[in-house]
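So you can see what is in the structure, the chains are spelled out below.
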Amino acid sequence: MGVFVASLLVFILLIINSATAAKVRHLKWEVEYMHWSPDGQEGVVIAINGQFPGPTIRAQAGDTIHLHLTNKLHTEGVVIHWHGIRQIGTPWADGTASISQCAISPGEAFVYRFKVDRAGTYFYHGHYGMQRSAGLYGSLIVDVADGEKEKFEYDGEFSILLSDWWHKGSREQEVDLSSKPMRWIGEPQTLLINGRGQFNCSLAAHFSNSTAAPCKLRGNEQYAPYILKVHPNKTYRLRIASSTALAALNLAIGNHKMKVVEADGNYVKPFTVNNIDVYSGDSYSVLFRTDQSPTHNYWLSATVRGREPHTPPALAILNYLPTSPSHPPTSPPPPSPPWDDYPSSKAFSHKILSLPGSPQPPKTPHRRIILLNTQNYINGYTKWSINNISLTLPTTPYLGSIKYNITNAFDAKSPPDRAPPGYNVMRPPPNPNSTYGSGVYVLELNSTVDVVLQNANALKDNVSEIHPWHLHGHDFWVVGYGEGEFKEGDEAGFNLRDPPYRNTAVIFPYGWTALRFVADNPGVWAFHCHIEPHLHLGMGVVFAEGVERVRGIPNEAIACGLTGKMLMRNGTS
Ligand SMILES: [Cu+2]
């Protein structure tokens, strides 16, 4: 009898377990340079397992990713950041060089082990130097757990990762940016959809009055367009993420409307648009209905936004089956708003609100940090600064130096919570000089923090750019946008009812954006402009909270700099 009850119990436990068991997904990656032709002109990309873009990671909410990464770049370190994954309890797996870990040395390996706790559309990318520009990125898609359902229905899905591509290599770009005077990288040669674009030829040459020659493609080229094969009268989910180094984009599907349903892994109140703005670091899901004539094909196009474009649109083809995909669309690529139509960009951002039932922001913050974004000079070098400090990352990762109380690893003084009073954000800086810094904003664990990102005029008169800011380790509520300078009292207008919950938010020229988040994830977290050359020139800050509570930092994550020496002294390395 006892044996029977016991085996019955085991049987029941097995059933319960198999129904809810989250899986561990084992992946083995090798990262190396490879010749590739993303746009018809051969260059080198950073590839993963011989693929560009890197392999798509697909998992279910609650799964653990166990990823063994070997760096085969030979002469440079590497790390990978899992963009949108909060790394709750695993801050050392966030993949930020100098912040969460040491760069993985050539020839060495590192295991990224972390939980994907929430369904959504994410991506991953290099977070060391300018390796994202070199093509180190891929998609990360988390489906709902078994037995769970999405809050919208669809018959099929596609995933597109947007990026921008330069013919000059990222190492040379890095030297250009760090030179005196700075040599700006300029606009990208090509925009890529899933790593594919066309330089020097156009798929839509027969529509435009440009001189671009028509592309002569067989379809198997590395730069042949991505094709979305659809059946008529169905609803499709299109997952969109942008890992561009620079370009803000606007995406449209000819003759088709899109219903926005997800942003950065969170549900939003659905709304329908003809085109969607996608900033670097953003991810979205949209639904579209294949309700157009099935004997035609249509364009999916991405165009540059917010900077005067010198780059042709990226094109993919929406192919209605059984029509042949080589049958060119009969209408021109969909129109997009002019690059400097900021009112329409703002209107789009303001439409993004959380779905009822989403996490709600605390009603009042414990602390407000105002981050003034300025362009500056330091000894003649062009930099970006936050409250007059241009971020320079230390050699010892903060996570280790803070956890083990190692002094002198970074600036002991915390950066200021606001810029000097009286700064005129509408004019170039009166004193353009700035300083380097590596200080940390130490946040009280579980406190509610408001961050106001304040845009300003750059060094040149009448120039203020869009900056998409991305927070690691948390989502934040985007509680407000405003024009000009943020003033005491503006918080009365914050949206605390249905603000979107996201990890990336944009500041518009001469404006401010207010975010609220709860510092509830012990670790050290980057918060920075997602434009890679801007971050490279110092446009970021570092937050830390509850680091004393962090347990289980793998030695390999901190075996460099002063923490490396500490491990050697302790005989643990
Ligand atoms: Cu920026």
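Residues numbered from 1 in each chain as written. Predicted model: local features only at pLDDT ≥ 70, side-chain atom pairs only at ≥ 80, totals over all residues. Heavy atoms only, no water.

Chemist: Sorry if this is basic, but what is going on with the sheet that holds strand 10 (residues 190-193) here?
Modeler: Within a sheet, each strand pairs with its neighbour through backbone hydrogen bonds, oriented either parallel or antiparallel. Pairing is mixed in the open sheet, where six strands are placed in the order 10-9-14-19-16-17. Every other strand in the sheet has two partners, leaving strand 10 and strand 17 (266-273) as the edge strands with one partner each. Pairs of neighbouring strands in the sheet enclose a mean axial angle of 25°, with direction left out of account. By the bridge criterion, five bridges tie strand 16 (residues 258-263) to strand 17 in an arrangement that is antiparallel. Bridge pairing links V260 to F271 in strand 17. Sitting on the sheet, helix 3 (residues 342-351) touches strand 16, strand 17 and strand 19 (283-289), and the angle it makes with strand 17 is about 135°. (Pairing = 2+ DSSP bridges. Helix = DSSP H or I, 4+ residues; strand = E, 2+ residues; numbered from the N terminus. Axes fitted to C-alpha atoms, helices over the stretch in contact; angles between N-to-C directions. Contact = heavy atoms within 4.5 Å.)

Chemist: Explain the pairing of strand 9 (residues 156-165) to me, please; I cannot follow it from the model alone.
Modeler: Along any regular strand, the residues point their side chains to alternate faces of the sheet. Counting buried positions along strand 9 yields nine of ten residues, so the element is predominantly enclosed. Where strand 9 meets strand 14 (residues 235-242), seven bridges bridge the pair, whose relative direction is parallel. Following the sheet pairing, F158 is matched in strand 14 by L238. Both strand 9 and strand 10 contribute to a ladder of four bridges, which runs antiparallel. Looking at the pairing, W165 lines up with T190 of strand 10. (Buried < 20%, exposed > 50% of the residue type's maximum accessible area, 1.4 Å probe, protein only.)

Chemist: What should I look at first to understand the coordination of the copper ion in this one?
Modeler: Six octahedrally arranged donors around a metal ideally form angles of 90 or 180 degrees; four tetrahedrally arranged donors ideally form angles of 109.5 degrees. Here the copper ion is held by the protein donor atoms H467 (ND1), C529 (SG) and H534 (ND1), which lie 2.1 Å from it. For the copper ion, the donor residues sit on a single chain with the sequence spacing H-x61-C-x4-H. In this structure, C529 and H534 share a single accessibility class: buried. (Donors = N, O, S within 2.8 Å, 3.2 Å for Na, K, Ca; no water.)

Chemist: Please explain the sheet that holds strand 34 (residues 540-545) as it appears in this structure.
Modeler: Pairing in this open sheet of five strands is mixed, and the strands run 26-34-33-28-31 from one edge to the other. The open sheet terminates on both sides in strands that have one partner only, identified here as strand 26 (441-443) and strand 31 (504-507). The average undirected angle you get between the axes of adjacent strands in this sheet is 25°. Across four bridges, strand 28 (residues 467-471) lies against strand 31 in antiparallel orientation. Looking at strand 31, one finds that H470 is bridged to T504.

Chemist: How should the side chain of Q173 be read in this particular structure?
Modeler: Relative to the helices and strands, Q173 is located in helix 2 (residues 170-177). When its relative accessible area of 2% is taken as the criterion, Q173 is described as buried.

Chemist: Would you mind showing me how to read the pattern of salt bridges here?
Modeler: Pairing between side chains becomes possible if they bear opposite charge and their charged atoms approach one another. This structure, assessed with the given rule, holds 28 salt bridges. When the shortest N-O distance is used, the salt bridge between D143 and R239 registers 3.7 Å. Here R239 lies in strand 14 and D143 lies in strand 8 (residues 137-143), a separation of 96 residues in the sequence. We classify D143 as partly exposed; its relative accessible area is 21%. The buried category is assigned to R239, whose relative accessible area is 0%. A cluster of three or more residues bridged by salt bridges with shared partners is formed by R58, D143, E157 and R239. (Salt bridge = Lys/Arg side-chain N within 4 Å of Asp/Glu carboxyl O.)

Chemist: Would you mind showing me how to read the nonpolar core here?
Modeler: In summary, soluble globular proteins display a tendency toward joint burial of nonpolar side chains. Formed by 48 residues in total, the largest nonpolar core has its most connected members in W29, L69, W82, Y112 and L140. Contact partners of W82, with chain neighbours within four places excluded, come to W29, I57, L67, Q87, A93, D94, Y112, F114, F123, Y124 and L140. In terms of nonpolar packing, the next biggest core, distinct from the first, is built from 35 residues, I160, V230, Y298 and Y320 among them. (Core = buried A, V, L, I, M, F, W, Y, C linked by side-chain atoms within 4.5 Å.)

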